[in-house]
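Spelled out from the first residue to the last, the chains are:
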Amino acid sequence: MLGTSRRWPYLVLVFLLLIFPVACGSGSSTPQEGGDATKAPTDAPSNGEQSGKRLVIARHTDINSLDPHRAFCDTCQIVITATYQRLVGLDLSDNRTLIPQLATEWSSNEDLTQHTFKLDERATFADGSPVEAKDVKWSLERLHNLKGSPSFFVDGLESIETPDDRTVVINLAKPDSAFLAKMASPYAAIVNSDLAMENGATADPDADTTDTAEAWFMSNSAGSGPYVLVSYRERDEIVLTANENFWGDPPAIKDVTIREVMDAVAQRQLLEGGDVSIAMQISPDVAADMQSGGDIIIENVPSFNFLYLVLSPGARGLGDELNPKVRQAIRYAIDYEGLIEVTLGGAGRKQATAIPNGFLGTENLPLPERDLDRARQLMAEGGYPDGFTIDARYPNMNVYGVDFNIMMQKIQTDLKEIGIELNLQPIEFAVWLEERVDPGIPVSAGYYAPDHTDPSQYIEYFGMIPGGAWAGRVGGPDAGDVVNDKVVELYAQALAASDEATRADLYGQIGREMIEEAYIIALMNPDLVLAYRSDVQGMHYSGCCNLEIAKLSWK
């Protein structure tokens, strides 16, 4: 979500408003004074009453957890958004304005270190108990203390005060102009603290070692959202049903199944056969000869999703092969246009760095261009004129219509032209999650969908800053040798700034630093194929949550 004073690049915004009248993202780039307490906490589906017909969605379910404070994946966004709520949400009519969700109003102090929220007295959890200030305090402290993948959203948390059951005052150690944006992220989910603690959860400072609730969360939910989790079977399906005690407008579709279907062709066959109503990962080439109209609707829409290459000089056992000159050589050696063509049939765009096209600060960043002469010169300057052989381990996945095997085979071919032999090793997603941390992977690839629409998340996740997720991975256990002091300083200035032009300039400078570092090389920004049966109403691309199931209904 974009704050009320934030403006996207004009063409991107106009396109989104025309194409996505129900599109959803999350977050805000600037503090917002108050909210409209008269506005409903959720937008009601158009047909009102719940339907007994089950909605079946086909997608590759990249679940790493269903604990809302440990989860961090695309499918996780969908499930958590359905089963939990945050303090603030989005006005779906413009995909920019913060609206009430659990909070009816909010305000921030002048230096952006304190944020106060007033909770809706009507809000209840799925077991019927009220949502209270203690639950907000406990949830955000747990998110912080678990030290999980999404914990960076609340890295600056200093203390939380609860003057009464309906008031929450959040104090930050430093200014954070992106804080409201973060509170609209799915991972800022507010959990029923009493129920969670009964099942092993804790928000104590040592929660990362003492919390035992993750197994319980894999088959139960403890939120206030429009749905509850019925069951999860790994590599099979996720089953949701409408929350009978939901305090907002009930979802139009009662029962939902997210079915594990990894292959784009298989998803197409199931969609055309009527076995599923939505296929979420049909690739542009598979969709190319599908006729839109009749029983099937096909839409190609722009997204903020991207895929990237990771170069980790700190991987265990690696020598000096991935020094700065070599990393830049790799960046220049990649044929980006050819990569987009072979993986997406041309249905995508180049991206400058690990901040998506259209985000604040990206407007004037230089897009990558192939230059083999420059790449060979850099290889020689880096001490490897004849190249070398290096392992490339990556998740065996199909994401955003991109087959990782095809993508990596193309990169393998490109890098051969400068003497680098990639030893391709596709691995299971769960294995990749572990190995990228320890022992580290010399060359790898990943993907990212936004959790809110402020660029801060990309600095926190991909930036070479203390505590940065990828800083700790590319540099090994001790990230000190990769920390970029200039990025640290620029980022602190961006978080303290409330003026949009100032923030855009600062994030632009950070983007250029990330390009020069070349630890994370953005490969492509794919268009998204929306493929669904014509009786589905409200289908959309969400900039924070992938898909908000509660916004769907049957025609």
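Our subject is the structure listed above.
Here's a quick rundown of the structure. Note that the coordinates shown come from a computational prediction; the quantities given were computed from them, not determined experimentally.

### Thoughts on the nonpolar core
Thought 1: Core analysis: the largest hydrophobic core is formed by 124 residues, its most contacted members being Met407 and Phe462.
Thought 2: Beyond its immediate stretch of four places on either side in the chain, Phe462 contacts Phe306, Tyr308, Ala354, Tyr448, Trp470, Met514 and Ile520.

### Details of the environment of Pro455
Thought 1: Relative to the helices and strands, Pro455 is located in the loop between strand 19 (443-448) and helix 15 (456-462).
Thought 2: Taking the C-alpha atoms as reference points, Pro455 and Ile355, separated by 100 residues in sequence, lie 6.6 Å from one another.

### Details of the side chain of Asp335
Thought 1: By the element assignment, Asp335 lies in the loop between helix 10 (324-333) and helix 11 (336-344).
Thought 2: With near-sequence residues (within four places) excluded, Asp335 lies in contact with Arg370, Lys410 and Asp414.

### Let's talk about the packing of helix 10 against helix 18 (residues 500-517)
Thought 1: One can describe the packing of helix 10 onto helix 18 by two numbers: an axis separation of 8 Å at closest approach and a directional angle of 100 degrees. Put simply, helix 10 runs roughly perpendicular to helix 18. Two secondary-structure elements touch here, helix 10 through Arg327, Gln328 and Arg331 and helix 18 through Ile515, Glu516 and Glu517.
Thought 2: Partitioned by chemical class, the residues of the contact of helix 10 with helix 18 number one nonpolar, one polar and four charged.

### Observations concerning the sheet that holds strand 8 (residues 227-233)
Thought 1: The strand order 8-9-10-1-11-21-12 describes an open sheet built from seven strands, whose pairing is mixed. Each having just a single partner strand, strand 8 and strand 12 (296-301) make up the two edges of the open sheet.
Thought 2: As judged from the five bridges shared by strand 1 (residues 55-59) and strand 10 (residues 255-260), these two strands associate in the parallel manner. Considered in strand 10, the bridge of Arg59 is made with Glu260.
Thought 3: Along the sheet, helix 2 (residues 74-83) makes contact with strand 1, strand 8, strand 9 (237-242) and strand 10, crossing strand 9 at roughly 20 degrees.

### Here we look at the state of the cysteines
Simply put, disulfide is the name for a covalent bond between the sulfur atoms of two cysteines.
Thought 1: Tallying each qualifying case throughout the model produces two disulfides.
Thought 2: Covalent S-S linkage joins Cys73 and Cys76, the inter-sulfur distance amounting to 1.9 Å. Handedness here is read from the sign of the S-S torsion; for Cys73 and Cys76, about 100 degrees, the answer is right-handed. Both residues of the pair, Cys73 and Cys76, belong to the buried class.
Thought 3: A disulfide bridge connects Cys544 with Cys545, and the sulfur atoms are separated by 2.1 Å. Its S-S torsion of approximately -75 degrees makes the covalent link between Cys544 and Cys545 left-handed. Considered together, Cys544 and Cys545 belong to a single accessibility category, that of buried residues.
Thought 4: If you count the bonded cysteines of the protein from the N-terminus, they pair up as 1-2, 3-4.

### So, unusual backbone geometry
Thought 1: In this model, Asp438 is joined to Pro439 through a cis peptide bond whose omega is 20 degrees.
Thought 2: Within the element layout of this structure, Pro439 appears in the loop between helix 14 (429-435) and strand 19.
Thought 3: For Ala518, which is not a glycine, the phi torsion comes out positive at approximately 55 degrees.
Thought 4: Ala518 gets classed as buried once you look at its relative accessible area, which sits at 0%.
Thought 5: A positive phi is found at Asn546, a non-glycine position, where the angle reads about 70 degrees.
Thought 6: Among the structural elements, Asn546 can be located in the loop between strand 22 (536-537) and strand 23 (553-554).

### Focus: the sheet that holds strand 6 (residues 157-164)
Thought 1: Strand order in the open sheet made by the four strands is 4-5-7-6, with antiparallel pairing throughout. Sheet topology places strand 4 (103-108) and strand 6 at the edges, where each strand pairs with a single neighbour. Ignoring strand direction, the axes of neighbouring strands in this sheet form an average angle of 20 degrees.
Thought 2: Here helix 3 (residues 133-145) sits on the sheet in contact with strand 5 (114-119), strand 6 and strand 7 (167-172), set at roughly 170 degrees to strand 6.

### A few points about the packing of aromatic side chains
Thought 1: Counted by the stated rule, this structure contains 26 aromatic pairs.
Thought 2: Geometrically, the ring pair formed by Trp216 and Phe217 is edge-to-face, given 5.2 Å between the ring centres and 75 degrees between the ring planes. An identical accessibility class is assigned to Trp216 and Phe217; each is buried.
Thought 3: An angle of 40 degrees between the planes, with centres 6.4 Å apart, marks the rings of Phe429 and Tyr447 as tilted. Here Phe429, found in helix 14, pairs with Tyr447, found in strand 19; they are 18 residues apart in sequence, far enough to count as distant. Assigned by exposure class, Phe429 and Tyr447 land together as buried.
Thought 4: Sitting above the plane of the Tyr332 ring, Arg331 keeps its charged end 4.9 Å from the centroid.

### Some thoughts on the side chain of His540
Thought 1: Structurally, His540 can be placed in the loop between strand 22 and strand 23.
Thought 2: Overall, His540 belongs to the buried group, its relative accessible area being 2%.
Thought 3: At 2.8 Å, the side chain of His540 forms a polar contact with the backbone oxygen of Gly538.
Thought 4: Looking at His540, its side chain comes within polar contact range of the main-chain nitrogen of Glu548, at 3.0 Å.

### Points about the pattern of salt bridges
Any two side chains of opposite charge can pair, given that their charged atoms come close.
Thought 1: Under the counting rule described, the total for this entry stands at 31 salt bridges.
Thought 2: Here Arg142 ties to Asp67 by a salt bridge, and the two come within 2.6 Å at their closest N and O atoms. Highlighted residues: Arg142 in helix 3 and Asp67 in the loop between strand 1 and helix 2, separated in sequence by 75 residues. Per residue, the accessibility class of Arg142 equals that of Asp67, and both read buried.
Thought 3: The salt bridge involving Asp120 is made with Arg122; its shortest N-O contact spans 2.8 Å.
Thought 4: Classification of Asp120 by relative accessible area gives buried; the value is 7%.

Conventions used here
- Residues numbered from 1 in each chain as written.
- Predicted model: local features only at pLDDT ≥ 70, side-chain atom pairs only at ≥ 80, totals over all residues.
- Heavy atoms only, no water.
- Core = buried A, V, L, I, M, F, W, Y, C linked by side-chain atoms within 4.5 Å.
- Buried < 20%, exposed > 50% of the residue type's maximum accessible area, 1.4 Å probe, protein only.
- Contact = heavy atoms within 4.5 Å.
- Helix = DSSP H or I, 4+ residues; strand = E, 2+ residues; numbered from the N terminus.
- Axes fitted to C-alpha atoms, helices over the stretch in contact; angles between N-to-C directions.
- Parallel < 35°, antiparallel > 145°, perpendicular 65-115°, else oblique.
- Nonpolar A, V, L, I, M, F, W, Y, C, P; charged D, E, K, R; others polar.
- Pairing = 2+ DSSP bridges.
- Disulfide = S-S within 2.5 Å.
- Phe/Tyr/Trp six-rings, centres within 6.5 Å; stacked < 30°, edge-to-face > 60°.
- Lys NZ or Arg CZ within 6 Å of the ring centre and 35° of its normal.
- Polar contact = N/O pair within 3.5 Å; in protein donor to acceptor, adjacent residues only side chain to side chain.
- Salt bridge = Lys/Arg side-chain N within 4 Å of Asp/Glu carboxyl O.

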